[in-house]
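Overview (structure and organization)
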Number of protein chains: 4
Amino acid sequence: MNVVSYRPEPAELSYTFGGRPPVRRVAPGTVLELYTEDCFGGRVRGVDDLPSAVCEFPYLNPVTGPFFVEGAEPGDTLALHFVSIEPARDWAVSTTFPHFGALTSTHTTATLQPPLEERVWMYDVDAGKGVVRYHARRGDYVAEMPLDPMHGTVGVAPGASEARMTITPDAHGGNMDSPELRAGVTAYFGVNVEGALFAIGDGHCRQGHGEVCGTAVEAAMNTVVAVDLIKGAGTPWPRFEDDGHIMSTGSARPLEDAYRISQHDLVTWTSALTGLELLDAYQLVSQAGQAPVGNVCDTNYTMLAKLPKDYLGAAVPYDGVHARLRALGERYLNER
Amino acid sequence: MNVVSYRPEPAELSYTFGGRPPVRRVAPGTVLELYTEDCFGGRVRGVDDLPSAVCEFPYLNPVTGPFFVEGAEPGDTLALHFVSIEPARDWAVSTTFPHFGALTSTHTTATLQPPLEERVWMYDVDAGKGVVRYHARRGDYVAEMPLDPMHGTVGVAPGASEARMTITPDAHGGNMDSPELRAGVTAYFGVNVEGALFAIGDGHCRQGHGEVCGTAVEAAMNTVVAVDLIKGAGTPWPRFEDDGHIMSTGSARPLEDAYRISQHDLVTWTSALTGLELLDAYQLVSQAGQAPVGNVCDTNYTMLAKLPKDYLGAAVPYDGVHARLRALGERYLNER
Amino acid sequence: MNVVSYRPEPAELSYTFGGRPPVRRVAPGTVLELYTEDCFGGRVRGVDDLPSAVCEFPYLNPVTGPFFVEGAEPGDTLALHFVSIEPARDWAVSTTFPHFGALTSTHTTATLQPPLEERVWMYDVDAGKGVVRYHARRGDYVAEMPLDPMHGTVGVAPGASEARMTITPDAHGGNMDSPELRAGVTAYFGVNVEGALFAIGDGHCRQGHGEVCGTAVEAAMNTVVAVDLIKGAGTPWPRFEDDGHIMSTGSARPLEDAYRISQHDLVTWTSALTGLELLDAYQLVSQAGQAPVGNVCDTNYTMLAKLPKDYLGAAVPYDGVHARLRALGERYLNER
Amino acid sequence: MNVVSYRPEPAELSYTFGGRPPVRRVAPGTVLELYTEDCFGGRVRGVDDLPSAVCEFPYLNPVTGPFFVEGAEPGDTLALHFVSIEPARDWAVSTTFPHFGALTSTHTTATLQPPLEERVWMYDVDAGKGVVRYHARRGDYVAEMPLDPMHGTVGVAPGASEARMTITPDAHGGNMDSPELRAGVTAYFGVNVEGALFAIGDGHCRQGHGEVCGTAVEAAMNTVVAVDLIKGAGTPWPRFEDDGHIMSTGSARPLEDAYRISQHDLVTWTSALTGLELLDAYQLVSQAGQAPVGNVCDTNYTMLAKLPKDYLGAAVPYDGVHARLRALGERYLNER
């Protein structure tokens with residue numbers, strides 16, 4: 001088994017997809033052990049550490065990478081299977097942030113109202129019990145919520161010579177902030193540049209749907225990813241696959257366009273996989289499909305379209321790479 | 001037990017919320033047995049019955065009602081508990097419809113492209129097996145999907161002397177098209193006019209998230225609803241409650257506004273129920289909340305915000321009316 | 001000349017389009033002299049008269065009417081030519097209003113921020129000089145702006161048995177808030193119900209583009225309208241015509257849909273008038289068309305699409321009714 | 001007078017803002033003579049040259065530049081005064097383009113409908129007469145439209161280490177497609193990187209409002225720009241100034257956000273210039289402001305907010321740089 005470990009120095013963190021040289025080269029089939037810093041760069045460590053004071057724009061939402069995948073060329077598809085995602089600390093953090101979030105005016109949904117208060121919440125991470133613990137800042141309300149680790153930000157270098165802030169989700173991936181991106185899931189990205197140049201960050205211990213206040217239960221993560229490459233297979237928008245479902249993503253504004261992109265991709269993908277005529281696939285997805293919300297707070301919003309694999313018959317997406325990477329990941333975990 | 005049965009004659013069907021006299025008066029505490037016609041008025045009965053030929057605009061999406069609730073006044077809240085929702089026929093129907101749906105241009109998202117083909121799919125309803133059966137129109141693909149009956153359209157007369165087409169969801173309810181509105185759920189509506197004047201229609205055997213093609217697995221329904229009234233309690237937007245969750249709805253365009261309305265209501269409602277300070281409730285919902293998609297195809301789009309009741313501590317919404325109506329419904333089912 | 005005068009008593013004012021009996025019957029060819037109250041019902045008369053204190057929702061934005069036009073049937077088009085629009089008082093008023101306007105959160109673009117301050121500005125109306133005079137509330141800044149009277153709200157009863165608040169613009173007209181609706185303009189509305197049932201209100205001494213703060217320089221008006229009917233001619237969305245231009249309106253959310261509707265109507269209308277093939281008309285409008293903004297603050301947003309008549313060649317919209325009504329209006333003014 | 005001339009070789013054209021080394025260094029006070037290629041790279045030269053055949057994505061919408069402005073640092077404002085914009089050929093071109101434009105589904109407003117026909121229109125440019133001549137492709141309709149040259153694309157390198165396709169407008173400028181960007185106008189951009197790195201392209205002989213079909217009357221241009229730098233003055237979004245008006249831009253989706261950004265900037269800028277308290281400035285702009293539409297077809301939409309300088313009293317934006325550059329430009333034209 002080809003295992004590569006990488007823990008970035010602070011100066012190695014990246015704040016864009018595209019526009020950066022790779023930090024490592026990996027071959028398809030590699031199992032990659034990564035450390036990712038939290039979206040605040042680890043600088044918010046207590047309720048008095050206001051992000052606007054301790055963080056410096058645009059040095060937010062750092063990602064680990066990019067990684068150059070040997071043999072990856074435009075027109076291929078990169079497969080990243082998340083073997084495990086484990087909080088690296090026994091605490092996590094969430095905040096409101098001035099003019100960021102769904103229930104506040106923002107720099108684009110601009111109003112003349114003052115911003116909401118900037119406030120920090122510290123969470124306990126109890127991996128043994130499988131929970132995070134929320135403490136209200138006013139009063140003594142405490143609640144435990146299930147731990148459900150995920151990565152908010154995963155993607156490749158965009159096409160057209162672009163470099164994009166890691167906070168922006170788009171066709172290259174980026175900050176999709178979907179709770180569906182948990183361990184056991186394979187994510188697919190169309191390759192835009194030689195080497196694909198993927199990167200991963202923004203670990204969440206858990207996240208509500210839409211990340212309504214703008215941040216999740218943010219945490220540094222120790223994450224293991226199995227990497228593979230599907231030559232000559234295009235992927236127009238990031239797709240996910242777990243044991244039971246296929247999923248398409250869309251990231252855009254307004255939110256209905258994120259919905260349209262993801263459902264359009266799921267319909268056409270389902271049609272291609274099953275041989276169903278296009279409107280027949282449209283009908284199938286209309287009745288059997290789901291629509292998990294990713295983020296409704298970033299510079300683009302993200303939605304997913306999700307279909308149980310039961311409806312695919314014998315069809316196997318991407319020639320079965322998910323099952324192969326899942327097996328590789330299990331072998332890795334057993335041997336670890 | 002006060003049980004009222006009502007099966008509308010075709011001429012009694014209503015196509016608006018507001019602007020119509022009541023068909024019956026019911027007292028709080030009544031169990032109401034209803035028949036609702038499907039969204040096509042029962043006129044699409046085979047694959048050759050194109051809606052544009054057999055239906056006449058605006059006589060679409062008929063509702064059964066309105067019902068005058070004795071004692072209901074503006075400022076009160078109407079509670080409708082769905083005891084049972086059962087398909088009335090062994091078939092159901094879905095269609096594409098010219099310039100209607102999420103993956104087509106529409107009369108508002110106007111383009112110069114021709115409409116998609118208008119096509120009808122007939123479903124078998126197998127209540128015994130608990131499934132509906134989909135048949136592709138091209139090829140021999142067949143799939144069974146779980147039966148999960150719901151009502152797309154429920155609401156009261158709007159305020160401000162308005163009358164709205166039943167196809168439109170807004171603060172009065174209407175065509176929210178949420179799969180969450182199934183048996184076992186209590187729906188709450190703010191009362192705008194004397195008697196509340198609620199009506200119910202648009203039964204679905206099941207529905208994908210967003211009703212992407214514009215219609216669900218449409219069916220006539222035999223539905224039982226337990227009715228109650230909460231005096232002096234306001235409800236700004238329709239809310240739902242099941243045994244495990246509270247839910248707020250929002251209906252608007254663009255879709256992010258439906259999200260904002262529903263999440264805003266859930267945050268302020270949670271704050272009011274728990275005593276959590278507003279931003280603390282915002283944080284709680286941000287991490288623990290869900291966001292089921294209703295429709296992304298109607299004249300307004302609908303989203304829900306949903307929170308497990310575990311996070312409410314000892315708080316009981318609307319003074320426990322859900323539990324009381326649920327018990328009433330069970331008693332009704334046992335005695336039936 | 002058939003001249004009808006009508007000045008409503010306060011109790012006769014209407015707050016919806018649809019759902020109300022007519023106040024008068026008028027024959028096509030009638031010149032109608034009207035009084036319209038301002039959007040606050042004349043109750044905001046000084047800087048201390050906060051609308052939220054002196055006005056009662058939903059009794060806002062009253063219109064004068066509806067008028068039953070003899071012979072008008074669904075499928076016809078109503079033509080209303082604005083002969084003159086004159087402020088009825090020597091003062092006018094504008095305000096901010098809680099959670100209303102483009103640069104504030106609203107009930108649909110819901111945020112957790114507090115509302116902006118509610119503030120009233122009183123304007124002097126100097127009809128002789130042709131200006132209104134703005135006085136800042138803080139400091140001694142004063143500015144004169146050209147008087148450019150218009151009606152924000154004009155429309156007919158909607159179809160599908162609907163009744164809509166006067167504040168909402170849609171396919172029936174309503175609160176479009178377009179500065180293009182000034183004297184000299186003919187407005188066309190598709191007739192949805194027998195008698196058309198048109199009404200007029202919401203006079204503005206002038207208005208910026210989009211009515212960004214939510215209100216214009218609001219004033220009661222003495223307005224003269226020449227009424228005509230075009231039998232058998234449909235009008236999908238309200239259209240305007242002045243001596244030099246044809247204009248289509250669209251009202252929807254998000255704002256791009258208002259743009260799409262209006263441009264789509266202008267393209268197809270131009271194609272029908274000129275015989276230009278559809279894409280050729282699309283190209284013509286793309287290079288020669290204008291897009292005046294109506295409102296970006298109401299429950300639907302409004303945009304116009306506008307084309308100089310020079311590009312129509314010999315084509316005359318609606319068989320020349322604009323020229324005839326314009327001549328009738330001039331005769332009326334000469335004889336007055 | 002410091003005059004620099006630059007005509008790019010094809011290989012020197014740029015397709016992004018950011019991510020490219022400068023082609024020239026210029027000092028503040030320089031008059032720059034430029035050649036810009038049309039948005040098709042000059043490859044669409046007849047009605048049979050379909051863009052999808054003769055152009056290669058992403059090599060569309062080339063810009064001339066970037067130029068390094070000596071002394072420019074983040075926090076400064078770059079001023080570009082357009083002295084003259086002259087079509088470089090006696091023909092220009094416009095097209096429909098698959099899934100691009102306002103009245104078609106797109107890659108984000110995704111539908112299952114087929115694209116509109118791809119079609120090319122060739123225009124005659126008659127600079128002497130001051131017109132462009134449109135020829136319908138079906139039939140013999142011909143129309144002359146006033147020549148009104150402008151640049152669709154102007155901007156600087158974005159911040160946060162981003163590189164953006166030239167087709168995207170945002171806070172750095174880019175493809176705003178505003179007819180207001182004509183000769184006689186000074187455009188202001190906040191500097192994000194050392195040297196500012198501005199570039200210019202996408203000349204239009206004229207353009208309708210919103211560029212509804214996706215392209216204007218596209219032409220190569222000979223353009224003269226006077227360059228200056230305002231040290232220590234920030235500009236959050238591109239602003240324009242002509243002899244009579246100040247203008248703010250906003251680029252976002254949905255379109256109302258472009259409106260909000262631009263109006264918000266105009267209100268706060270007006271407040272800063274005049275000393276008017278914020279809500280007083282909001283009121284002034286609400287009644288006196290205009291809202292020219294830029295594009296409603298690109299990856300972000302663009303709107304402008306525009307105020308006559310009469311309302312600014314004695315205030316002079318950016319310390320009078322517009323008047324100085326205008327004088328410099330006139331001197332250049334006189335000496336040419």
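The structure reproduced in this document is the subject of the present report. This one's a predicted model, so the numbers in the text were calculated from it and none came from an experiment.

Digging into the interface of chain B and chain A
Between chain B and chain A, the contact holds 61 residues from the first and 61 residues from the second. Counting each side, the surface lost to burial between chain B and chain A is near 4900 Å², with a carbon and sulfur contribution of 60%. Applying the counting criterion to the chain B and chain A interface returns 4 salt bridges. Between Asp280 of chain B and Arg119 of chain A there is a salt bridge, with the nearest N and O atoms lying 3.2 Å from each other. On inspection of chain B and its partner chain A, the count reaches 46 residue pairs in polar contact (both at pLDDT 80 or more). The set of elements that each furnish at least two residues to the side of chain B that touches chain A consists of β7 (91-95), β8 (120-126), β10 (142-146), α2 (255-274), α3 (278-288) and β19 (301-308) of chain B. The greatest single-element share of the side of chain B that touches chain A, amounting to 10 residues, is contributed by α3 of chain B. In terms of residue class, the side of chain B that touches chain A is built from 32 nonpolar, 18 polar and 11 charged.

As for the sheet that holds strand β4 (residues 31-36) of chain A
All names here are of chain A. The strand order β1-β4-β16-β6-β14-β17-β18-β19 describes an open sheet built from 8 strands, whose pairing is mixed. On the outer flanks of this sheet lie β1 (3-6) and β19 (301-308), each paired with one strand and no other. Direction aside, the axes of adjacent strands within the sheet are offset by 25 degrees on average. As defined by bridge partners, strand β17 (residues 239-241) adjoins strand β18 (residues 245-252) across 3 bridges and the pair is classed as antiparallel. Directly across from Arg239, in β18, lies its bridge partner Ser248.

Concerning the packing of aromatic side chains
Across all of its chains, the model carries 32 aromatic pairs over all chains by this definition. When the ring of Tyr123 of chain B is compared with that of Tyr134 of chain B, the centres are 5.8 Å apart and the planes differ by 40 degrees; the resulting orientation is tilted. Here the residue Tyr123 of chain B occupies a position in strand β8, and Tyr134 of chain B occupies one in strand β9 (residues 131-135), the gap between them amounting to 11 residues. Each member of the pair, Tyr123 of chain B as well as Tyr134 of chain B, is classed as buried. Ring centres of Trp269 of chain D and Tyr318 of chain D lie 6.0 Å apart, and the angle between their planes is 55 degrees; on these two criteria the pair is classed as tilted. In this pair, Trp269 of chain D is assigned in helix α2 (residues 255-274) and Tyr318 of chain D in the loop between β19 (301-308) and α4 (321-335), connecting sequence segments 49 residues apart. The pair formed by Trp269 of chain D and Tyr318 of chain D is uniform in burial state, with each residue classed as buried. Ring pairing ties together the aromatic residues Tyr6, Phe67 and Phe198 of chain A, which thus form one cluster. The aromatic ring of Trp269 of chain B is capped on one face by Arg239 of chain B, whose charged end is 4.2 Å from the ring centroid.

A short note on the environment of Leu103 of chain D
All names here are of chain D. In this structure, Leu103 sits in the loop between β7 (91-95) and β8 (120-126). Looking at Leu103, the relative accessible area reads 0%, which means it is buried. Separated by 98 residues in the primary sequence, Leu103 and Ser5 have C-alpha atoms spaced 40 Å apart.

Description of the environment of Gly75 of chain D
Residue and element names in this part refer to chain D. Within the secondary structure, Gly75 sits in the loop between β5 (63-69) and β6 (77-87). Separated by 60 residues in the primary sequence, Gly75 and His135 place their C-alpha atoms 48 Å from one another. For Gly75, the residues in contact, after removing those within four places along its chain, are Val191, Gly232, Ala233 and Gly234.

Quick notes on the sheet that holds strand β14 (residues 186-190) of chain C
Residues and elements named next belong to chain C. In space, the 8 strands of this open sheet follow the order β1-β4-β16-β6-β14-β17-β18-β19, with mixed pairing throughout. Edge positions in the sheet fall to β1 (3-6) and β19 (301-308), since each of these pairs with one other strand and no more. Taken over all neighbouring pairs, the strand axes of this sheet differ in orientation by 25 degrees on average, direction set aside. As defined by bridge partners, strand β4 (residues 31-36) adjoins strand β16 (residues 221-230) across 6 bridges and the pair is classed as antiparallel. Considered in β16, the bridge of Val31 is made with Ala226.

Structural notes on the state of the cysteines
Throughout the structure, instances matching the rule amount to 0 disulfides over all chains. Residue Cys39 of chain A stays outside any disulfide, its sulfur separated by 7.7 Å from that of Cys55 of chain A, the closest cysteine.

Some details on the pattern of salt bridges
One pass over the structure, following the stated rule, counts 108 salt bridges over all chains. With a closest N to O distance of 2.6 Å, Arg326 of chain C and Asp243 of chain C form a salt bridge. Residue Arg326 of chain C is found in helix α4 (residues 321-335), and its partner Asp243 of chain C is found in the loop between β17 (239-241) and β18 (245-252); the two are separated by 83 residues along the sequence. Residue classification places Arg326 of chain C among the partly exposed residues on the basis of a relative accessible area of 26%. According to the relative accessible area criterion, Asp243 of chain C is partly exposed, its value standing at 45%. Measuring nitrogen to oxygen at the nearest pair gives 3.5 Å for the salt bridge that ties Arg89 of chain D to Asp38 of chain D.

Analysis parameters
- One numbering rule holds for all chains: residues counted from 1, following each sequence as written.
- By the order in which they are written, chains take letters starting at A while ligands take numbers starting at 1.
- The predicted nature of this model means local features are confined to residues of pLDDT at least 70 and side-chain atom pairs, given and counted, to a pLDDT of 80 or more, with totals for whole chains, interfaces and linings taken over all residues.
- Computation of side-chain values covers all heavy atoms of the structure but excludes hydrogens and water.
- Whether two residues are in contact is decided by their heavy atoms: any pair within 4.5 Å suffices.
- In short, buried area is how much 1.4 Å probe accessible area vanishes from two parts on joining, totalled over both.
- In what follows, salt bridge is the name for a side-chain nitrogen of Lys or Arg lying within 4 Å of a carboxyl oxygen of Asp or Glu.
- Distance and chemistry together define a polar contact, namely a pair of N or O atoms within 3.5 Å, with one atom able to donate a hydrogen and the other to accept it when in protein, and with adjacent residues in sequence counting only for side-chain atoms on both sides.
- Helix and strand definitions here come from DSSP, where helices need a minimum of 4 consecutive H or I residues and strands a minimum of 2 consecutive E residues; each element is numbered from the N-terminal end.
- Asp, Glu, Lys and Arg are counted as charged, while Ala, Val, Leu, Ile, Met, Phe, Trp, Tyr, Cys and Pro are counted as nonpolar; the rest, among them Gly, fall into the polar class.
- Two strands pair if DSSP finds at least two bridges between them.
- Between N-to-C directions, angles cover 0 to 180 degrees, with each direction set by a line fitted to C-alpha atoms, over the stretch in contact for helices.
- For Phe, Tyr and Trp, where Trp contributes only its six-membered ring, two rings pair if their centres lie within 6.5 Å, and the inter-plane angle classes them as stacked under 30 degrees, edge-to-face over 60, or tilted in between.
- Under the scheme applied here, a residue whose accessible area is under 20% of the maximum for its type counts as buried, over 50% as exposed, and between as partly exposed, the area being computed with a 1.4 Å probe on protein chains only.
- Distance and angle both matter: a charge sits over a ring if NZ of Lys or CZ of Arg is within 6 Å of the ring centre and within 35 degrees of the ring normal.
- Whenever a pair of cysteine sulfur atoms sits within 2.5 Å, that pair is classed as a disulfide.

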